[in-house]
Every structure is written in structure tokens, then in C-alpha cells.
Amino acid sequence: MQSLITVIGRGHSGTRAISHTLYASGVYMGSQLNPSGDKIPPHDMYDACRVLAKYVKWKGELSWNFEPLFTMPIDPDFERLITTYLSDVLRASSTYKGWKIPETTLVYPWITRMFPDTRFIHWIRDPRDCILGSHKTDNLRDFGIDYPQTDDVYERRAISWHYQYQLMKATPKPKHVMQVRFEDFVLNQAQTLERLEAFLEMSLGRIIVRPEAVERWKRVEEPKPLPFAFLREAIVENGYSLKI
């Protein structure tokens, strides 16, 4: 019996760690990967994100209506683009196969509906570390999603993190899902892998991790990416401290 696995998490959340772990453990992750462990080329996935975004209504401020995504028929263009993007994975005869690319998070509601038996790994990292570096999804308008205009690069990234986190929370939980904090994977890899092995029903290899990747935001020069008020609930909800 084949198992399909994918990782849901915003860019710069440390998803390359789990992608490299899966690859090193014999999971087929696609015919071509970049150094971050993303399945490439990504263009069909990007276009699929833009198709789904047409059905997300911005209600102003930091509020979006995701409800239509959970009940409406999936746009045929979306299905075509995702099927094309995943063609090599879907054809593969491997017992364990899957993919990782951060933009999957932007289309999570329809991925869960297209592939209901997939094992979803929700990958979480302290958003203050996530927003330190630039990522393709920093400007949500590139993917057709409206949000409050800002010239503050940290705020723009924080809004992107917030949007994707709210989308993940709003999506009905799929049949198989497990949340993993990047910090737990780095600081307690053995125990975290035991949980993942039980969830995926397979053995996983160990990779090199660097403890200095945790709470990196505390060590950067000013200005620090402070915990924007709209992130504080998620920071606490996921077990991170608000102390600076």
C-alpha cells in the first residue's frame, strides 16, 4: 500500500529539515529538488495558488473569508495544474512518496480534498524566526491575495505568516495530520522522530541539525522583528514565549 506525504508550513519555517529527512529515509520526493528540498519546477504550483486565491475574499484588515474553499467544487484549472505539478510523484511506484514546497500551504484546503488519504505534517516555527529572511510568499499579492499595504518588510512577512497560519487553522482537519515544531526537531530530534515514525508508519533517518537555528531572532542586530500584536496569539498558542 502506498503512502502519500506532504509538508505544510510557511517558507523559512525549517521545512527543508523534514524534506531532507524524508528523502534520506527513502521517500520519493520528486524527480528534481532544489537545495531546500522543494520539488521543482514550481510554476504549476504557483499558478494553482493564484487559481485558489480567486475564491478567497479579503474582508479588510487581517481578515479573510475562507469558507467557500471547503464546500465549493474545486476549480478544474486547479486540479489540472496540481496534477501536472505532481505528475512524477503520482506516477511513482514507491511505497512512500510525497513532496515539499512551502506554497502548498497556500492551497492546503484543496490539497486535503484532492488527496484525502495524504499524511500531512504541519511544520511550525516561531514566526519571529520565520520572518528574518525573505521568501517567495512574502508578498501575498504575488499569489492574488489582498492584504493591508505596508512598506515594513518585517510586517509584510508577518502578515504572510499570519495569513497562512489562519488558513491552516480554518481548514477542516484531514484524516491524517501531525503538527511538529521545528524547535523540537532541532533540540530533541530523537523523540520528535519517534513521533513521526509512529505517524508515518516507517523508519526515519537522522540528519545533522544546528541548535543555533533556534531563537535566532533574539541575536540579530537592531531593528529586531518584534512580535507584532497580531502574531502574539499564535506565538503563545504554539508554546513560544513572548519575552524578548
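So, a few notes on the structure that sits alongside this text. (Residues numbered from 1 in each chain as written. Predicted model: local features only at pLDDT ≥ 70, side-chain atom pairs only at ≥ 80, totals over all residues. Heavy atoms only, no water.)

**Quick word on the pattern of salt bridges**
Point 1. Using the criterion set out here, one finds 14 salt bridges in the structure.
Point 2. In this structure, the salt-bridge partner of Asp77 is Arg80, at a minimum N-O distance of 3.8 Å. Within this pair, Asp77 and its partner Arg80 are both found in helix H4 (residues 76–85), separated by 3 residues, close to a single helical turn.
Point 3. On the accessibility criterion, Asp77 (38% relative accessible area) is partly exposed.
Point 4. Under the relative-accessibility criterion, Arg80 is labelled partly exposed at 48%.
Point 5. Residues Lys218 and Glu215 are paired through a salt bridge, measuring 3.5 Å at the closest nitrogen-oxygen approach.
Point 6. A residue is classified by how much of its surface remains accessible, and Lys218, at 34% relative accessible area, is partly exposed.
Point 7. A relative accessible area of 37% places Glu215 in the partly exposed class.
Point 8. Overlapping salt bridges bring together Arg10, Asp138 and Arg157 as one network. (Salt bridge = Lys/Arg side-chain N within 4 Å of Asp/Glu carboxyl O. Helix = DSSP H or I, 4+ residues; strand = E, 2+ residues; numbered from the N terminus. Buried < 20%, exposed > 50% of the residue type's maximum accessible area, 1.4 Å probe, protein only.)

**Re the side chain of Glu183**
Point 1. Along the chain, Glu183 falls in helix H9 (residues 182–187).
Point 2. Arg181 provides the closest opposite charge to the buried, salt-bridge-free Glu183, at an N-O distance of 4.5 Å.
Point 3. Sequence-distant contacts of Glu183, defined by excluding residues within four places in its chain, comprise Ile124, Arg125, Asp126, Asn188, Val214 and Tyr240. (Lys, Arg positive; Asp, Glu negative; His and termini not counted. Contact = heavy atoms within 4.5 Å.)

**Considerations on the nonpolar core**
Point 1. Counting residues in hydrophobic clusters, the biggest one holds 51 residues, and the most contacted among them are Phe78, Trp99 and Tyr163.
Point 2. At the level of elements, strand S1 (3–8), helix H2 (43–53), helix H3 (68–71), H4, helix H6 (108–114), strand S5 (119–124), helix H8 (153–170) and helix H11 (232–237) are the ones that each hand at least two residues to this core.
Point 3. If we skip the residues at most four places from it in the chain, Tyr163 touches Val56, Trp64, Phe66, Leu106, Leu140 and Ile145.
Point 4. With 22 residues, the next largest nonpolar core counts Ile5, Leu196, Leu200 and Val214 among its residues. (Core = buried A, V, L, I, M, F, W, Y, C linked by side-chain atoms within 4.5 Å.)

**Re the sheet that holds strand S6 (residues 176–181)**
Point 1. Strand order in the open sheet made by the 4 strands is S4-S1-S5-S6, with parallel pairing throughout. At either end of the open sheet lies a strand with only one pairing partner, and these are strand S4 (96–99) and S6. Shown here is a sheet whose adjacent strand axes are inclined to one another by a mean of 25°, direction ignored.
Point 2. Judged from the 6 bridges that link them, S5 and S6 form a sheet pairing that is parallel. Opposite Phe120, over in S6, you have Val177 as the bridge partner. (Pairing = 2+ DSSP bridges. Axes fitted to C-alpha atoms, helices over the stretch in contact; angles between N-to-C directions.)

Everything listed is a geometric property; what it means functionally is a separate question.
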